[in-house]
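Overview (structure and organization)
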Amino acid sequence: MYEATLDYAKQQDELDELSSYRSQFHIPKDKHGNTLIYMTGNSLGLQPKQTKSYINQELEDWANLGVEGHTEARTPWLPYHEFLTQSTARIVGAKPIEVVTMNTLTTNLHLMMASFYKPTKTRYKILIESDAFPSDKYAVESQLRHHGFDDKAGLILWTPRQDEALLHYEDLEAILEDQGDDIALIMIGGVNYYTGQYFDLKRITQLGHKHQCIVGFDCAHGVGNVELNLHDSGADFAVWCTYKYLNSGPGSLAGCFVHERHAYNKALNRFTGWWSHNKETRFNMRQEFDVIPGAEGWQLSNPPILSMAAVKASLDIFNEVGIKKLTLKSKKITGYLEFLLKTLGEDTIKIITPTSPEERGCQLSIQVLDANKALHNKLTKAGVISDWREPDVIRCAPVPLYNTFQDVYLLVEKLKEVLNKN
């Protein structure tokens with residue numbers, strides 16, 4: 001059983017086999033040099049200390065080798081993205097042929113929809129969750145317009161029930177039974193950015209495929225946070241960013257999954273570039289296009305090495321720890337945060353994230369009775385870095401790689417202080 005004491009939190013940190021990894025990250029401090037309680041790795045992950053040396057290595061090789069760095073750099077640039085493949089596949093639960101690091105999240109989403117959203121006059125609608133991340137909503141609406149459809153009539157929303165925040169699979173089943181023949185694509189956020197609800201990807205995929213719908217996921221809030229098991233889910237595709245839980249830096253590269261059943265289908269329509277062309281003849285410059293099998297076949301251009309070096313710096317840590325150990329700690333430390341928040345009383349705090357550890361990652365979305373953004377601002381001034389999402393949610397994410405049980409305890413103590421001053 002959890003205990004609401006600092007001594008208990010310290011004891012848990014001493015027992016934590018991942019506690020040493022905190023020292024491998026830069027933890028932000030305030031202007032007085034005090035360490036901040038950083039709880040927003042779900043928005044931007046902290047910088048691994050080794051990131052600078054990984055990037056500096058590429059700067060040095062560029063300075064010393066120039067163009068020869070493509071083949072002669074210590075980590076050659078030409079195949080650089082391949083050095084990320086095994087680690088990425090392990091994190092998302094995929095086969096190496098199914099993943100690639102490239103572009104940015106919404107760019108990858110559009111590339112996937114160019115291939116997998118194949119509307120007809122009678123089956124053209126796209127289903128998303130009603131409170132999808134805005135970028136996803138904008139992207140699918142633009143795809144509807146691009147294909148000549150009305151972006152409102154063509155969008156089907158999976159919505160919560162009245163006075164609820166979470167989504168029910170039975171409601172999704174009902175939508176598909178009623179309108180499944182009209183739906184070309186189901187595109188859901190694997191972990192909802194607002195509520196923190198982690199969806200059953202396999203269940204959704206099976207429901208979609210039962211009605212001959214293509215199924216894809218935006219895993220921006222899931223990758224590095226939960227065990228996605230993308231291959232076993234059967235999803236047609238998935239996309240994600242790497243700057244949240246994967247700690248690759250602001251605006252860094254993204255990732256993409258394409259299920260292996262599509263790996264050798266050269267007939268799939270796609271936007272192409274020379275980096276999706278056969279590696280053996282890519283530099284011949286006179287060959288007709290010959291697509292690479294697997295997710296690599298959706299690449300467009302040669303990768304930005306400096307950004308990839310930052311991705312690699314973090315992935316090497318994940319590769320060392322493993323997603324199973326991370327999720328095990330995540331369930332414990334998030335459970336502790338939930339326990340402490342509930343001591344404040346249900347008349348003060350409401351957690352809208354699912355209570356089951358199997359239906360969430362490390363993010364808890366908190367509603368405080370009669371609160372507005374002013375409360376969040378006061379919490380920030382008290383030394384807690386969380387984030388605010390309109391209209392009334394504070395998101396806190398105790399990231400298992402670098403957050404501690406003491407962080408969680410002190411966060412709730414700071415919240416108590418702020419609430420008592422109101």
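Summary of the structure given here. Given the structure is predicted, the values throughout are model-derived calculations rather than measurements.

**Some thoughts on the nonpolar core**
Counting residues in each nonpolar core, the largest one holds 63 residues, and the members touching the most others are W158 and L401. Mapped by element, the contributors of at least two residues to this core are α4 (85–92), β4 (155–158), α7 (169–179), β5 (183–189), α8 (201–210), β6 (214–218), β7 (237–241) and α10 (305–321). No other element matches the nine residues that α10 contributes to this core. L111, M113, Y124 and I128 belong to the second-largest nonpolar core, a separate cluster that totals 32 residues.

**A closer look at the sheet that holds strand β10 (residues 364–368)**
Taken in spatial order, the four strands make up an open sheet running β9-β10-β13-β12, and their pairing is antiparallel. Two strands bound the open sheet, and with one partner strand each, they are β9 (349–351) and β12 (387–389). Between one strand axis and the next, the sheet turns through 35° on average, direction left out of account. Set on the sheet, helix α11 (residues 323–342) makes contact with β9, β10 and β13 (393–396); between it and β10 the angle comes to about 10°.

**Some words on the pattern of salt bridges**
Should the charged atoms of two oppositely charged side chains come close, the side chains can pair. What the rule picks out here adds up to 25 salt bridges. Across the salt bridge formed by E141 and K137, the nearest N and O atoms sit 2.7 Å from each other. Here the residue E141 and the residue K137 both occupy positions in helix α6 (residues 134–146), the gap between them amounting to four residues, near one helical turn. Looking at E141, the relative accessible area reads 7%, which means it is buried. With relative accessibility at 25%, the residue K137 sits in the partly exposed group. As a salt-bridge pair, D387 and R389 come within 3.7 Å of each other at their nearest N and O atoms. You can call R389 partly exposed: its relative accessible area is 25%.

**Details of the packing of α7 against α8**
Two elements in contact, α7 and α8, have axes whose closest approach is 10 Å; the angle formed by their N-to-C orientations is 15°. When the axis of α7 is compared with that of α8, the two are roughly parallel. Considering how the two elements wind past one another, α7 and α8 form a crossing that is right-handed. Residues Y169, E170, L172, E173, L176 and E177 of α7 form the contact with α8, whose own contacting residues are R203, I204, L207, G208 and K210.

Each value, and the rule that gives it
Within every chain, residues take consecutive numbers counted from 1 along the sequence as written. Per-residue local features are limited, in this predicted model, to residues with pLDDT of at least 70; the limit for side-chain atom pairs, both in listing and counting, is 80 or more; totals at the level of whole chains, interfaces and linings are taken over all residues. Hydrogens and water molecules were not included; the side-chain quantities draw on all heavy atoms of the structure. Note on terminology: a nonpolar core comprises buried Ala, Val, Leu, Ile, Met, Phe, Trp, Tyr and Cys residues joined through side-chain atoms within 4.5 Å. Burial classes: relative accessible area under 20% of the type maximum marks a residue as buried, over 50% as exposed, and values in between as partly exposed (1.4 Å probe, protein chains only). Secondary structure counts use DSSP, requiring at least four H or I residues in a row for a helix and at least two E residues in a row for a strand, with both numbered from the N terminus. Here a strand pair is declared whenever DSSP counts at least two bridges between the two strands. In this analysis an axis means a line fitted to C-alpha atoms, helices contributing only their contacting stretch, and an angle means the value between N-to-C directions, from 0 to 180 degrees. By the convention used here, residues are in contact when the closest approach between their heavy atoms is within 4.5 Å. Only one rule defines a salt bridge in this text: a Lys or Arg side-chain nitrogen within 4 Å of an Asp or Glu carboxyl oxygen. The labels follow the angle: roughly parallel below 35 degrees, roughly antiparallel above 145, roughly perpendicular from 65 to 115, and oblique for the rest. By definition, turning the near helix anticlockwise from the far helix through less than a right angle yields a left-handed crossing, and turning it clockwise yields a right-handed one.

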